[in-house]
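# Chains, contacts and geometry: an overview
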Amino acid sequence: MTTPQDLDDRFRETLGALPEPERRRDPGRPVRPGAALTGHQLLALFDAQVTSRQLDLAARWLRSFDEGFYTIGSAGHEANAAVAAALRPTDPALLHYRSGAFYCLRAAQAADAFPGGDAGEGGDLAAMTGDPDPDGDDHPPAGGPDGIRPPEDAPDDGHPAVDDVPVPAGAQQTGPPAAGPDAGSPAGAPDAAGPPTGAPDAPAAPHVTAATADPSPGTSDATGLPDGAAAAGGLPDGTVDAGPPEPSDIGAGWGGETGPGSPVHDPHPAPVRRADALDGVAVPPPPAGPVAYRVGSDGTAEPVPRHQPSAPGTVSGQTVTSADSAVGGEPGPAGDQADTGPVVPAGPRPEPAVADPVGGPDPDGWQQAYAEAARDVLRGMVASTLDPIAGGRHKVFGRADLAVVPTTSTIASHLPRAVGLGLAVERLRRMDTAGRRDDPDGPPRSPWPRDAIVVCSFGDASVNHASATAAFNTAGWYDHTGLRIPVLFVCEDNGLGISVRSPEGWVERTLRARPGVRYFTADGTDPVAVHAVTAEAAGWVRRHRRPAVLHLRTVRLLGHAGADAEQAYRSTAEIAADEARDPVLATARLLVEAGVATGEELLARYDERGWQVRRTAEEVLDEPKLSAVAEVVAPLSPRRPSRVAAAVAQAAQRAAGPDAAGRAEAFGGKPPELAGPLTLAQSINAALADGMLSHPQLAVFGEDVAAKGGVYGVTKGLRERFGAARVFDTLLDETSVLGLGLGAGLAGMLPVPEIQYLAYLHNAEDQLRGEAATLQFFSQGAFRNPMVVRVPGLAYQEGFGGHFHNDNSVAVLRDVPGLVVAVPARPDDAGPLLRTCLAAAVVDGTVSVFLEPIALYHTRDLYEPGDGEWLGAYAEPSAWAAGHAPIGRARVYGVGSAEDVTIVTFGNGVRMSLRAASTLADEGIGCRVVDLRWLAPLPVADLIREASATGRVLVVDETRRSGGVGEGILAALVDAGYVGAARRVAAVDSFVPLGPAARQVLVSEDAITQGARTLLAR
Ligand SMILES: Cc1ncc(C[n+]2csc(CCOP(=O)(O)OP(=O)(O)O)c2C)c(N)n1
């Protein structure tokens, strides 16, 4: 087993034994012939890796005396620093839990402290303008000089796989793989602006080269777009790639503007004119020299000149305090695991590392960024409230200003969201491209850059998870339909899932076999190759807006986590083989070979970083922890009911005022308030239409919602009125339907997905519970995924029976912290409840389930056939504010004297209870019927008030006796000190059988009347 001590010793020994470089080389030059990374960049990358490694050691140290709560480390996965270096810091990243080095490097990028040069497809406009695939068929020339050749087993999916790395000399110098003769010029002519290839130590080409190259014939500007392509959303490489024409419905994806989106960064930064790499707007070339990125006024990530680095010798910006303030002494008792003991260098600070062994730009910039990133991570480990993302609630990688979206510990559960985010980012880009971009009065846009790609990493065992297969499949499915999803999946393959091996060759085979997802692979022990292949993959995804997977070979050092004794399931030889592939050592070797640093210098950097991490760990130990319930739950589900009410009122004002004509037109000249009494289904339909008018960022999607208009016609006509971009059918996979919603919410949209039946929510429930409901909690509101999930459900469908279409269990929803569950029973409640859910999503980022009782969809009568008492008028906009239904407020009906019994119910129970109350009224028993309307949070105040008014409560619960809503109602009464009588009628603990047998297990009207009589008889 590799202990922290072993790892540290081995590192020292190996570095100490490295031979002196043959000669010192200019660190501004490529680290080896053909490499895009310069010596400076590799050194910065090494420091990110070392910081991550030291964090792993610190985690074990903290754990050893019970001050650290998380020991899953990144050791062996530090190649992901090179992945980060090849991306843009504005690309949203949903990261694997072994992403310490990625996180550090991105922190440096975002701080504008990662050295410039040709690093990254993100740092190279060539990557956006040069086309490695000029014929647009996505087939790189076989065996071409760019070193890409189709694998023997290339899947027949239209996307050839790209084989293992070989990075030829110069191949990466103007961005992947644009430097090859097939790049930049559709005719395949050599790129005049490309760097010399094959020459040892060839200088990296400046960023501007490809961007200023002659456009190909027939293009309108230097971006190489065909004339008119910009307006059509064409790609800069000249490929058409505008996606399908706005399609019928399947795969139409969404459009619409943005609104309640999440990451906290300015969606409207100061205007800067710039090259629009995606839309082909002709602009001056980007600045030469070091380049950083920021989000430009048009929403794309734009290159800007980097601050010139300060001179060598500048005082380090380390956040650690002076040695005087160090917490002295030993850290406390050793932990219970001998192999996890402290290794973090203790004692006096080592002699400072040579500040810049290579004599180049001051490295302190990146050192400071790494120190701050390390502090973030350490704070997460000790559950400090100052942890910038989760505030002590979890140890996650995340920070809004780094575009790192926190992920949960549920492996692979973030992949469906990544796909949804990719689809949303692309749709929003196209909407902008279609002409809304410069509309000053237009609604806010996505907070992500328009040309962003989504990166999403995970382990090799995770590729087998249903969530992962759903995500790959959905990405491929959309790709097959012609829709674009710019997602780069990164599988960090260490060969193990805790103790279970991935069968030899399986991961590659399964990843290569994903239709529509292009395969790239790189070996984590070669940082240059990892960087080059990532740049190539990211460039491809960015240009083509299509999904790809990067299969990154890594190793796992230090076991799965602190408590994992891996010698129980791995041989010594196997563990040693992993140690020999330590990626940090590999980077060190390369730095020495390249003449950038000596082993001794690198060791000094390692020790210096170790000392700083240890110091920071000691500092964060004393930081406050969450210490009160209110503190813990504060970000769980922000509720600002006044603002929600105000948002409803504003929507009403607009609908009644400036938007009245448009609204009338959208309803075909006859708004629903003039259409006479409506059914529940018609009311929901009208409220959805009004929602689409009020919220341009709203999109309705799900299985069968568009062309068919829903299985029950609830979404009928919406696609025709609002277009296929906003109302569209999805593929048949509930996990993906919710994943699309999760990503869309994150992209600033207002998703209203439908799960076709309540029974089918369950196979996707984690996307609600584990993902949607936790995002604000684990990010303190920095990210959010507003959403209203429509779920037709509950029982009592006459003539259409069976459990799966009559599922009557909501237990799985009611215990999800923060989740709102609304149940409209009556048509005139549907509009108010839906408006509230939508407004709460916009205002507070609320995630709601809108549970629609199917059996009431088309019900018209209440007491007698033909009485029309279950129809309801649709409120005109001027009445919306007065009729607002706040979250957690019930509706009460008085029947007879209303003095004798309080019936507490919801959904189908409302109608049955009103009928029963009528019968009871004839007997002289007065009831008040309380329609809860909200199952989460329960309307406790209304409940207590109405219960106390009669002192007799009958709970009518159509869900099951065990785990049903009734349990919550009774518990709420007890908690509030209710001392009156109470009874419950509830469904039997059974699945709902087919046909008339259903009546045996469901609550009946008779049971209600009997229950009330029994209550009164006591
Ligand atoms: C859905 C789910 N099941 C089980 C676990 C417990 N678990 C945590 S990590 C892990 C192994 C994951 O292996 P892999 O995806 O290869 O990532 P690695 O840890 O090797 O980097 C398991 C089973 C989990 N977190 N989530």
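Residues numbered from 1 in each chain as written. Predicted model: local features only at pLDDT ≥ 70, side-chain atom pairs only at ≥ 80, totals over all residues. Heavy atoms only, no water.

### Re the overall build of the protein
Selection rule: Strands here are runs of E lasting at least two residues and helices are runs of H or I lasting at least four, both read from the DSSP assignment and numbered beginning at the N terminus. The cut-offs for exposure are 20% and 50% of the maximum accessible area for each residue type, with area from a 1.4 Å probe on protein chains only; residues under the lower value are buried, those over the upper are exposed, and the others partly exposed. Contacts between residues were defined by any pair of non-hydrogen atoms, one from each residue, lying within 4.5 Å. To measure how exposed things are, a 1.4 Å probe is used in the Shrake-Rupley method; for residues, cover is taken only from the protein chains shown.
When you go through the protein residue by residue, the secondary structure sums to 29 helices and 22 strands. Relative to its 1018 residues, the protein shows a buried fraction of 63%. Excluding contacts between residues fewer than 6 apart, the proportion of contacts in the protein whose partners are at least 24 apart in sequence is 80%. Of the accessible surface of the protein, which amounts to about 33500 Å², a share of 55% is contributed by carbon and sulfur atoms.

### As for the packing of aromatic side chains
Note the cut-off: Pairing of aromatic side chains here covers Phe, Tyr and the six-membered ring of Trp, requires ring centres within 6.5 Å, and sorts the geometry by plane angle: under 30 degrees stacked, over 60 edge-to-face, intermediate tilted.
According to the stated counting rule, one finds 13 aromatic pairs in the structure shown. On the numbers, 5.1 Å between centres and 65° between planes, the contact of F777 with F778 is edge-to-face. F778 shares its class with F777; the two are buried. One aromatic cluster is present, built from ring pairs that chain together Y712, Y757, Y760 and Y857.

### Concerning the site of the ligand
Basically, it comes down to this: Consider each residue's heavy atoms; a residue with any of them within 4 Å of a molecule or strand counts as near. Counting of polar contacts relies on pairs of N or O atoms within 3.5 Å, with two restrictions inside protein: one atom must be capable of donating a hydrogen and the other of accepting it, and residues adjacent in sequence are counted only when both atoms are side-chain atoms. For this classification, the nonpolar set comprises Ala, Val, Leu, Ile, Met, Phe, Trp, Tyr, Cys and Pro, the charged set comprises Asp, Glu, Lys and Arg, and every other residue, Gly included, is treated as polar.
In the vicinity of the ligand there are 17 residues, among which H96, Y97, S409, S462 and L496 approach most closely. N494 places a side-chain nitrogen or oxygen 2.9 Å from an oxygen atom of the ligand. Measuring from an oxygen atom of the ligand, one finds a backbone N or O atom of L496 at 2.7 Å. With the chains in place, 74% of the 580 Å² that the ligand exposes on its own is no longer accessible. Class assignment of the residues belonging to the shell around the ligand gives a composition of 5 nonpolar, 10 polar and 2 charged.

### Focus on the confidence of the model for the protein
So the rule is basically this: Looking at any residue, its pLDDT shows the predictor's confidence there, from 0 to 100.
Residue-level pLDDT values for the protein average 81, and 74% of them are 70 or greater. Confidence drops under a pLDDT of 50 for residues 122–251, and excluding neighbours within four residues, the segment shows 312 contacts in the predicted structure. Under a pLDDT of 50 for its full length, residues 255–342 has, in the predicted model, 234 contacts with residues more than four places off or in other chains.

### As for the environment of L943
Counting through the fold element by element, L943 comes out in helix α26 (residues 940–950). L943 sits 52 residues away from R891 along the chain, and the two C-alpha atoms are 10.0 Å apart. Look past the residues within four positions of L943 in its chain and what remains in contact with it is V904, I969, A972 and L973.

### Observations regarding the nonpolar core
Rule in force here: In these notes, a set of buried Ala, Val, Leu, Ile, Met, Phe, Trp, Tyr and Cys residues joined through side-chain atoms within 4.5 Å is what counts as a nonpolar core.
Among the nonpolar cores identified, the biggest contains 89 residues, and L415, W448, F489, L768, F783 and I969 are the most heavily contacted of them. It is helix α8 (residues 415–436) that contributes the most residues to this core, 8 residues altogether. One finds A58, W366, F520 and A617 within the second-largest nonpolar core, a separate group that totals 82 residues.

### Details of the side chain of T598
Position of T598 among the secondary structure elements: in the loop between α13 (583–593) and α14 (599–621). Given the relative accessible area of 8%, T598 is considered buried. Leave out the neighbours within four places in its chain, and T598 touches E20, P21, R24 and V592.

### Some words on the packing of helix α2 (residues 39–64) against α13
Inclusion rule: Only C-alpha atoms enter the line fits that serve as axes; for helices the fit covers just the stretch in contact. Angles between N-to-C directions range over 0 to 180 degrees. Working definition: roughly parallel below 35 degrees, roughly antiparallel above 145 degrees, roughly perpendicular at 65 to 115 degrees, and oblique for all remaining angles. If you view the pair so one helix is near and one far, a crossing is left-handed when the near helix is turned anticlockwise from the far one by less than a right angle, and right-handed when it is turned clockwise.
In contact at an axis separation of 10 Å, α2 and α13 are set at 155° when each is read in the N-to-C sense. If you check the angle between α2 and α13, you find them roughly antiparallel. Taken as a pair, α2 and α13 cross one another with a handedness that is left-handed. Of α13, the residues touching α2 (which contributes G39, L42, L43, F46, Q49, V50 and R53) are P583, V584, T587, A588, L590 and L591. Class assignment for the residues of the contact of α2 with α13 results in 9 nonpolar, 3 polar and 1 charged.

### So, the sheet that holds strand β18 (residues 901–905)
Within a sheet, adjacent strands bond to each other through the backbone by hydrogen bonds, running parallel or antiparallel. Note the cut-off: By definition, two strands form a pair when at least two bridges between them are found by DSSP.
Spatially, 5 strands are ordered β17-β19-β18-β21-β22 in an open sheet, and the strand pairing comes out mixed. The open sheet has two edge strands with one neighbour each: β17 (891–895) and β22 (981–987). Strand-to-strand twist in this sheet, taken as the mean axis angle between neighbours without regard to direction, amounts to 20°. Pairing of β17 with strand β19 (residues 927–931), which is carried by 5 bridges, proceeds in the antiparallel orientation. Bridge pairing in β19 places V895 opposite C927. Against the sheet, helix α27 (residues 965–975) engages β18, β21 (952–960) and β22, with an angle of about 150° to β21.

### Details of the sheet that holds strand β10 (residues 548–553)
Here 6 strands make up an open sheet; going across it, the order is β4-β1-β5-β6-β10-β9 and the pairing parallel. Looking at the sheet topology across the chains shown, the edges are occupied by β4 (404–405) and β9 (518–523). Pairing analysis gives 2 bridges linking strand β1 (residues 93–94) to β4, with the strands arranged parallel. Within β4, the position partnered with L94 by the bridge is V405.

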